Amino acid sequence: IAPHFGPSNLRVRCHLPLAVPPDTSVETCGIRVGDEARPWREGEALVFDDAFEHETWNLHATASRVVLLVDFWHPDLLHSERQALQEMFATAT
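We now turn to the structure provided with this report. Just so it is clear, the structure is predicted and the values come from calculations on it, not from any experiment. (Residues numbered from 1 in each chain as written. Predicted model: local features only at pLDDT ≥ 70, side-chain atom pairs only at ≥ 80, totals over all residues. Heavy atoms only, no water.)

**Some points on the overall build of the chain**
When helices and strands are counted, the chain shows 1 helix and 6 strands. The order of helices and strands in the chain, counted from the N terminus, is β-β-β-β-β-β-α. The globule rule puts the C-alpha radius of gyration for 93 residues at 12 Å, and the 16 Å found for the chain is more than 25% above it. Each principal axis of the C-alpha atoms in the chain carries an extent, and together these give about 45 × 25 × 20 Å. Looking at the 93 residues of the chain, the share that counts as buried comes to 27%. Taking the intrachain contacts of the chain between residues at least 6 apart in sequence as the baseline, contacts between residues at least 24 apart amount to 72%. (Helix = DSSP H or I, 4+ residues; strand = E, 2+ residues; numbered from the N terminus. Rg over C-alpha atoms; globule rule 2.2 N^0.38 Å. Buried < 20%, exposed > 50% of the residue type's maximum accessible area, 1.4 Å probe, protein only. Contact = heavy atoms within 4.5 Å.)

Here you go:
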């Protein structure tokens, strides 16, 4: 997945690798957030603010990478701010 930014810093994102190719290294199957790159490791979650530039890659020709993504409210948001955002998004649909 090419380098990109999340739309805002209202959330933090958790990536939980469920399946990664065998013998994975940061060069062959990994993620970069900002200036830090790391290889995927099954069962090792990474939580980050996706407003920072990030990218992922899998250079294995035949092996798949499966990662569960879960979003959480950014911990610096106040409860009242989360409520206002939920109401705003509810009326937008």
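**Let's talk about the sheet that holds strand 3 (residues 36–39)**
Strand pairs in the sheet, formed through backbone hydrogen bonds, run parallel or antiparallel to each other. Here 3 strands make up an open sheet; going across it, the order is 3-2-5 and the pairing antiparallel. Each end of this open sheet is capped by a strand with a single partner; those strands are strand 3 and strand 5 (54–58). For this sheet, the mean inter-axis angle between neighbouring strands, taken without regard to orientation, is 15°. Two elements, strand 2 (residues 29–33) and strand 5, share 5 bridges in a ladder whose sense is antiparallel. (Pairing = 2+ DSSP bridges. Axes fitted to C-alpha atoms, helices over the stretch in contact; angles between N-to-C directions.)

**Topic: the sheet that holds strand 4 (residues 46–48)**
Sheet architecture is open: 3 strands sit in the order 4-1-6, paired in antiparallel fashion. Two strands in the sheet have a free side with no partner beyond their single neighbour: strand 4 and strand 6 (66–73). Strand after strand, the sheet turns through a mean of 20° between neighbouring axes, direction not considered. Here strand 1 (residues 11–19) pairs with strand 6 via 8 bridges, running antiparallel. Bridging from a neighbouring strand, Pro17 pairs with Val67 of strand 6.

**What to know about the side chain of His54**
Following the sequence through the fold, His54 ends up in strand 5. A distance of 2.8 Å separates a polar atom in the side chain of His54 from the backbone oxygen of Phe52. (Polar contact = N/O pair within 3.5 Å; in protein donor to acceptor, adjacent residues only side chain to side chain.)

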